[in-house]
Every structure is written in C-alpha cells, then in structure tokens.
Amino acid sequence: MLTDTLPAGFVSRPAAIDDAETVLALVRAYTTAVAGFADCTLADVRDELGRPGRRPERDAWLVFDAAGAPVGYGTADARDGGEVDVDVVSADPAVVDWLFARALDRAREVGREAGHAEVRVDQGVHRDDEALRTTVTALGFAPATTFRRMRVDHDGDVPPPAPVAGLVLRQALDEDVRRAVHAVWNASFAGQFGFTPKSYEAWHEKLEGKSTSDWAEVWLAELDGAPAGFLECTDQFRDEGSGYVGHLGVVPAARGRGVAGHLLRHAFHRHAAAGLGGTLLHVDSNNPTPALDLYESAGMRTVLVIDVWRATLPTAQDVRA
C-alpha cells in the first residue's frame with residue numbers, strides 16, 4: 001500500500017541538476033546490487049535531470065534518512081503522447097512506497113493536464129530485481145516488453161563494412177542532412193513500443209541537449225539516392241571503454257537490402273578505430289523488425305535484460321491507501 005508518510009526522521013526534497021553526483025551514487029549502488037555492475041554514468045544523470053521541458057521541482061525527488069544520508073530517488077518523466085516513465089530507486093521498502101506514491105500521483109497529474117481520462121505508466125525492472133517486480137505487480141503493473149543490452153567486443157581493428165550497391169552514408173553536419181535523418185527516424189520507428197513521432201524542432205533540441213551526442217556520429221544512409229536509414233552513435237558508455245548505438249533505423253521500403261547491417265558494421269568499424277573495446281546497444285525483444293536477429297548474427301550478445309512493466313491508471317483515481 002502506498003503512503004504519504006516517510007519513516008520518522010526521513011526528509012525529502014526535489015532533485016535538481018546539482019544533485020547529479022548524489023543521484024549517481026544511489027543509482028550505481030542500486031544497480032550493482034540487482035544487476036552486478038553500475039548501470040549508470042554521471043552524463044546519464046545530468047542529461048536526465050536537465051532534459052528539455054523537465055520540471056525537477058515536480059518530476060524528481062530525493063529522500064534522506066535521519067542522519068542526512070541519501071536513501072532514495074524517484075522520477076516521473078512525461079513522454080510525447082501523454083505516457084509517463086517512472087523510476088524508483090531505493091533499498092528501503094518504505095521509501096520505495098513513498099516514492100511510488102509521488103511518481104504515480106505526478107503521472108496522473110500529467111494525464112489530467114493532457115486532457116486524458118487514463119495515463120499509461122512504464123517502469124523498467126532489471127530481470128533479477130525480485131523486490132521491485134513484486135512491488136509493481138502489487139500496484140497493478142504487468143509486463144509490456146523486454147529490452148536487451150547487447151555487446152560485441154572489438155579485438156584490434158575492425159574492417160569497414162563491404163559496400164552495398166547504391167548505398168551512400170552522409171554525416172549529419174548540415175541541416176538538410178539532419179532533416180532527412182529526422183524524417184527517416186519517424187518513418188523507421190513508427191509503430192514500435194513507446195514511440196511517438198516528434199517535430200524536427202523537438203527532435204533536434206533533444207539531441208542538442210544530450211551531453212553525449214555528437215552530430216559527427218549521426219549518419220544518413222541513402223539508397224539509390226533516396227533516404228533509407230540512419231545511425232546515431234553517442235558517448236554514453238565511453239566510461240566503460242565502449243561505443244554506443246543509440247538508434248539505428250531503416251524505412252520499411254528499404255528493409256531487406258543490407259542497409260541495417262551496413263550501418264551496424266560501420267559503427268563497429270568507427271568504434272574500433274577510436275580505440276574502444278566494444279559496441280553496445282539496446283533492443284526491444286518484441287521489435288516488429290528482425291533487429292534482434294540482425295544484432296546476434298553480427299556477433300552481439302545479451303549482457304543485461306530489463307523488463308518494462310506498464311500500468312494504465314485513471315487520472316482521477318488516488319493510488320494511495
């Protein structure tokens with residue numbers, strides 16, 4: 001049962017970008033306990049707290065125990081389309097309950113502000129996190145999909161991919177290329193889990209605002225002179241000595257012609273040439289395209305599994321006891 005009351009002596013306050021290192025320590029301790037390694041970087045936290053459109057005073061909370069030590073962190077982030085991602089991090093069950101009360105209240109508020117009678121809420125759960133899985137089940141969440149973090153190791157140089165007839169790659173250094181990438185991004189991810197199309201301005205602002213992004217690592221694939229696919233790599237996992245494929249997509253009309261495989265191996269080649277020991281990416285196991293098969297055929301292996309649990313809440317309903 002959710003509660004408005006923290007344990008005696010515990011206090012809370014909104015989380016601000018200046019709290020990034022405090023949040024990082026909490027998340028790293030938590031993910032190390034449930035996943036075996038620290039699944040977070042300082043850049044991740046700063047980008048999360050400083051995301052365009054976010055209101056930390058309403059969307060993120062820190063909890064401290066009676067001795068002043070941080071013991072919990074929670075967020076409720078609105079996505080385009082009126083959906084909300086929540087994330088609750090604490091080893092204290094009472095703090096977990098309190099943070100879920102805050103996060104779900106905020107999610108229902110987001111739904112009301114958007115004029116919805118219901119709001120869909122997602123929480124990621126590491127596969128081995130039995131305590132969180134029990135909590136979200138009791139709150140009415142159900143499994144929605146599964147994301148896999150995949151990795152391939154690079155032992156020295158990786159050759160560039162073999163040419164594909166009619167395929168040309170262009171870096172997104174100019175606005176015309178960026179606009180073409182944006183159009184491909186919308187077309188290639190249409191219908192996939194959690195995806196909502198964005199305007200060019202919103203998409204551009206999001207990439208500009210990420211500290212790990214670099215337009216030189218965003219590529220447009222043109223096939224027979226027409227935009228066909230795109231690749232977006234970031235520095236999100238540089239601290240682990242790895243490159244990261246943030247997004248890779250191909251428009252439906254160009255699928256099955258080797259575009260995705262070429263882009264993936266282009267990323268491998270560039271990451272190895274930069275001295276990085278591997279390439280990471282995340283993929284939805286229920287992706288309507290054969291993306292998982294492609295990545296496995298290229299030598300990538302699953303290193304982490306995160307299930308997404310979803311609840312649909314009436315926006316007028318109080319979720320607390």
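Calculation criteria
- Residues numbered from 1 in each chain as written.
- Predicted model: local features only at pLDDT ≥ 70, side-chain atom pairs only at ≥ 80, totals over all residues.
- Heavy atoms only, no water.
- Helix = DSSP H or I, 4+ residues; strand = E, 2+ residues; numbered from the N terminus.
- Rg over C-alpha atoms; globule rule 2.2 N^0.38 Å.
- Buried < 20%, exposed > 50% of the residue type's maximum accessible area, 1.4 Å probe, protein only.
- Contact = heavy atoms within 4.5 Å.
- Areas by Shrake-Rupley, 256 points an atom, 1.4 Å probe, with all protein chains shown as cover.
- Lys, Arg positive; Asp, Glu negative; His and termini not counted.
- Charge placed at Lys NZ, Arg CZ, Asp CG, Glu CD.
- Expected span 1.5 Å × (residues − 1).
- Polar contact = N/O pair within 3.5 Å; in protein donor to acceptor, adjacent residues only side chain to side chain.
- Phe/Tyr/Trp six-rings, centres within 6.5 Å; stacked < 30°, edge-to-face > 60°.
- Lys NZ or Arg CZ within 6 Å of the ring centre and 35° of its normal.
- Core = buried A, V, L, I, M, F, W, Y, C linked by side-chain atoms within 4.5 Å.
- Axes fitted to C-alpha atoms, helices over the stretch in contact; angles between N-to-C directions.
- Parallel < 35°, antiparallel > 145°, perpendicular 65-115°, else oblique.
- Left-handed = near helix turned anticlockwise from the far one by under 90°.
- Pairing = 2+ DSSP bridges.
- Nonpolar A, V, L, I, M, F, W, Y, C, P; charged D, E, K, R; others polar.
- Salt bridge = Lys/Arg side-chain N within 4 Å of Asp/Glu carboxyl O.

Caption draft 1: Layout of the overall build of the protein. Per the secondary structure count, the protein includes nine helices and twelve strands. On C-alpha atoms alone, the protein measures out to a radius of gyration of 21 Å, which is about the 20 Å that the 2.2 N^0.38 rule sets for 321 residues. Principal-axis analysis of the C-alpha atoms gives the protein an extent of 65 × 45 × 30 Å. By residue count, 49% of the 321 residues in the protein fall in the buried class. For the protein, restricting intrachain contacts to residue pairs at least 6 apart in sequence, the fraction spanning at least 24 positions comes to 71%. Accessible area of the protein: about 14,400 Å², with a carbon and sulfur share of 52%. One finds the centroid of the 32 positive side-chain charges in the protein at a distance of 3 Å from the centroid of its 48 negative side-chain charges.

Caption draft 2: Representation of the environment of Pro163. Along the polypeptide, Pro163 turns up in the loop between strand E6 (142–153) and strand E7 (167–171). Taking the relative accessible area as the measure of exposure, Pro163 reaches 76% and is therefore exposed. For the pair Pro163 and Ser199, spaced 36 residues apart in sequence, the C-alpha to C-alpha distance is 32 Å.

Caption draft 3: Quick look at helix H4 (residues 93–113). Taking 1.5 Å as the rise per residue, H4 with 21 residues should run 30 Å; its terminal C-alpha atoms sit 30 Å apart, in good agreement. Across the 21 residues of H4, 15 count as buried, placing the element largely inside the fold. Between the side-chain oxygen at the start of H4 and the backbone nitrogen of Ala94 there is a gap of 2.9 Å, and the oxygen is on Asp92. Just beyond H4, the residue with positive phi is Gly115, at close to 80°.

Caption draft 4: Layout of the packing of aromatic side chains. Under the defined criterion, the tally for this structure stands at seven aromatic pairs. When the ring of Phe189 is compared with that of Phe195, the centres are 6.0 Å apart and the planes differ by 35°; the resulting orientation is tilted. When its relative accessible area of 19% is taken as the criterion, Phe195 is described as buried. The ring of Trp98 carries the charged tip of Arg102 above its face, separated from the ring centre by 4.8 Å.

Caption draft 5: The arrangement of the nonpolar core in detail. Of all hydrophobic cores here, the largest spans 45 residues; its most connected members are Leu49, Val63, Tyr73, Val86, Phe100, Leu104 and Val121. Of all hydrophobic cores here, the second largest spans 43 residues; its members include Val181, Leu223, Val259 and Ala272.

Caption draft 6: Region of the structure containing the packing of helix H1 (residues 20–35) against helix H2 (residues 42–49). Contact geometry for H1 and H2: axes closest at 9 Å, N-to-C directions at 120°. By the angle between their directions, the pair H1 and H2 is classed as oblique. The handedness of the crossing between H1 and H2 is right-handed. For the pair H1 and H2, the contacting residues are Ala20, Glu21, Val23 and Leu24 in the first and Leu42, Val45, Arg46 and Leu49 in the second.

Caption draft 7: Expanded view of the sheet that holds strand E9 (residues 226–234). Strand order in the open sheet made by the twelve strands is E1-E2-E3-E4-E5-E12-E6-E11-E10-E9-E8-E7, with mixed pairing throughout. One side of each edge strand has no neighbouring strand; the edge strands of this open sheet are strand E1 (11–14) and E7. Within this sheet the neighbouring strands show an average axis-to-axis angle of 25°, counted without direction. Of the pairings in the sheet, the one linking strand E10 (residues 242–250) to strand E11 (residues 278–284) comprises four bridges and is parallel in character. Looking at E11, one finds that Gly243 is bridged to Thr279.

Caption draft 8: Geometry of the side chain of Ser90. Looking at the element boundaries, Ser90 is found in strand E4 (residues 84–90). From its side chain, Ser90 meets the backbone oxygen of Val71 in a polar contact 2.7 Å long. Polar side-chain contacts of Ser90 include one of 3.1 Å to the backbone nitrogen of Asp92. Those residues in contact with Ser90, other than ones at most four positions away along the chain, are Tyr30, Val71, Gly72, Val95 and Val96.

Caption draft 9: Expanded view of the packing of helix H6 (residues 175–189) against helix H7 (residues 200–209). Running from N to C, H6 and H7 point in directions that differ by 105°, and their axes come no closer than 10 Å. It follows from the interaxial angle that H6 and H7 lie roughly perpendicular. Seen from H6, the contacting residues are Glu175, Arg178, Arg179, Val181, His182 and Trp185; seen from H7, they are Tyr200, Glu201, Trp203, His204 and Glu208. Of the residues in the contact of H6 with H7, the class split is four nonpolar, two polar and five charged.

Caption draft 10: The pattern of salt bridges, seen in detail. All chains considered together, the criterion is met by 27 salt bridges. Across the pair Arg102 and Asp105 runs a salt bridge whose closest N-O atoms are separated by 3.8 Å. Placement of both Arg102 and Asp105 in helix H4 is noted, with a separation of three residues, approximately one turn of the helix. Each member of the pair Arg102 and Asp105 is classed as buried. Here the salt bridges share partners, and the residues they tie into one network are Arg79, Glu83, Asp85, Arg120, Asp122 and Arg310.

Caption draft 11: Molecular detail of the environment of Ala272. Topologically, Ala272 is positioned in helix H8 (residues 259–273). Not counting chain neighbours up to four residues away, the residues in contact with Ala272 comprise His154, Gly156, Asp157 and Val158.

Caption draft 12: Layout of unusual backbone geometry. One non-glycine residue, Asp224, adopts positive backbone phi at about 55°. Mapping Asp224 onto the fold places it in the loop between strand E8 (218–223) and E9.

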